[in-house]
Amino acid sequence: MTMTRRTFLAAGLGLAAAGRAGGAGGEGPLPMATRPIPRSGERLPVIGLGTWRTFDVGPDEAERAPRREVLRRFLAGGGRAIDSSPMYGAAEEVVGDLLAGLPPDLRSRAFLATKVWTSGRAAGEAQMAESLRKLRAPRVDLMQVHNLLDWREHLATLRAWKAQGRIRYAGVTHYAAGALDELEAVVRREGIDFVQLPYSAARREAEARLLPAAAETGTAVLVMRPFEEGDLFRAVRGRPLPAWAGELGASTWSEVFLKFILGHPAVTAVIPATANPEHVLENLRAGRGPLPDAALRRRMARELRF
Ligand SMILES: NC(=O)c1ccc[n+]([C@@H]2O[C@H](COP(=O)([O-])OP(=O)(O)OC[C@H]3O[C@@H](n4cnc5c(N)ncnc54)[C@H](OP(=O)(O)O)[C@@H]3O)[C@@H](O)[C@H]2O)c1
């Protein structure tokens, strides 16, 4: 593949062999890029999967079948991080049920992330225990304090649960631009493992202080809402891909949006949500091949102004 000065190979970020099982697994000529979780050095594939709204469905097989295929393709195509929350209706239970039906070699790839979203220590512990039950997991990889709700209380519990091996990493999240200062303060003072934040070509507030704070403190970053809940696709409907998309090896807008985010060096992984098995393949493709450098990212931001 030809590189230009404005792009760099994902290889520079370190590549790990990604799963190649499954026919329609999103396999490409290159494996998915991975980035280290700074506190442990464990490498995480850069494309994850959100579950808000998309996995909040009932027991009906007609609704579950496409979600099962999304999970199968995601894991077979090299993805690992699956993000949920007790706030997302049935999503945790649906993820737990559907993973249980996948072959063990795929199921075991999942890096399960969920959240605690309540007030008070006892309520938090009860809710987290319920999440483990719904996810059918003896432990989750990452437990995050959702929207910073009662975060001081919950971080104390998360540290204890981590010591007991019931979670592997602790983090905090918030979706609102107005909460980024508080997220930054927690990142700087609390030594958490992960912060989950909103960031996209159309929403760049995190670039000012929070992303640099994460990089300086060795905090892993999960990026939520990469498509602005789908608004970005609506904004470019009918618009041809820009010429520079070719330099990135991107053949869809989804890859352009995700590669913009992954071009930021502080980002560990991005968690786009989809219930569509074709879309998950597109999204996985963004984790392969070149990413934009700073100059191309500036141009992307100018041209992707919505
Ligand atoms: N939204 C929040 O406030 C919030 C807060 C905290 C955490 N999070 C976490 O971040 C995750 C991601 O954010 P999000 O779910 O709000 O929004 P998002 O990932 O920015 O956008 C999801 C939307 O994009 C569409 N989509 C996905 N891939 C596509 C593709 N390749 N082509 C066209 N359309 C595509 C999906 O529809 P299809 O199903 O049709 O593909 C869905 O409507 C959440 O699921 C959750 O885990 C979100």
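Up top is the structure these notes are about.
Conventions and cut-offs
- Residues numbered from 1 in each chain as written.
- Predicted model: local features only at pLDDT ≥ 70, side-chain atom pairs only at ≥ 80, totals over all residues.
- Heavy atoms only, no water.
- Near = heavy atom within 4 Å.
- Polar contact = N/O pair within 3.5 Å; in protein donor to acceptor, adjacent residues only side chain to side chain.
- Areas by Shrake-Rupley, 256 points an atom, 1.4 Å probe, with all protein chains shown as cover.
- Nonpolar A, V, L, I, M, F, W, Y, C, P; charged D, E, K, R; others polar.
- Core = buried A, V, L, I, M, F, W, Y, C linked by side-chain atoms within 4.5 Å.
- Buried < 20%, exposed > 50% of the residue type's maximum accessible area, 1.4 Å probe, protein only.
- Helix = DSSP H or I, 4+ residues; strand = E, 2+ residues; numbered from the N terminus.
- Axes fitted to C-alpha atoms, helices over the stretch in contact; angles between N-to-C directions.
- Parallel < 35°, antiparallel > 145°, perpendicular 65-115°, else oblique.
- Left-handed = near helix turned anticlockwise from the far one by under 90°.
- Contact = heavy atoms within 4.5 Å.

*Asks:* Explain the site of the ligand to me, and be specific about the residues and the numbers.
*Replies:* What surrounds the ligand is a group of 26 residues, the closest being W52, D83, F227, T274 and H279. Measuring from an oxygen atom of the ligand, one finds a backbone N or O atom of G230 at 3.5 Å. Interatomic distance of 3.0 Å between a side-chain N/O atom of E282 and a nitrogen atom of the ligand. Protein contact buries 85% of the 870 Å² of open area that the ligand shows by itself. Class assignment for the residues of the shell around the ligand results in 11 nonpolar, 10 polar and five charged.

*Asks:* Run through the nonpolar core, naming residues and quoting values.
*Replies:* Counting residues in hydrophobic clusters, the biggest one holds 81 residues, and the most contacted among them are I47, F55, L99, L112, V172, L197 and Y199. Of all the elements, helix α10 (residues 253-262) adds the most residues to this core, at seven residues.

*Asks:* How would you explain the packing of α10 against helix α11 (residues 277-285) if you had to name every residue and give the values?
*Replies:* Where α10 meets α11, the closest approach of the two axes is 8 Å, and the angle between their N-to-C directions is 45°. It follows that α10 is oblique to α11 by the angle criterion. Our pair here, α10 against α11, has a crossing hand that is right-handed. Between α10 and α11, the residues in contact are S254, E255, L258 and K259 and E282, N283 and R285, respectively. Counted by class, the contact of α10 with α11 contains one nonpolar, two polar and four charged residues.

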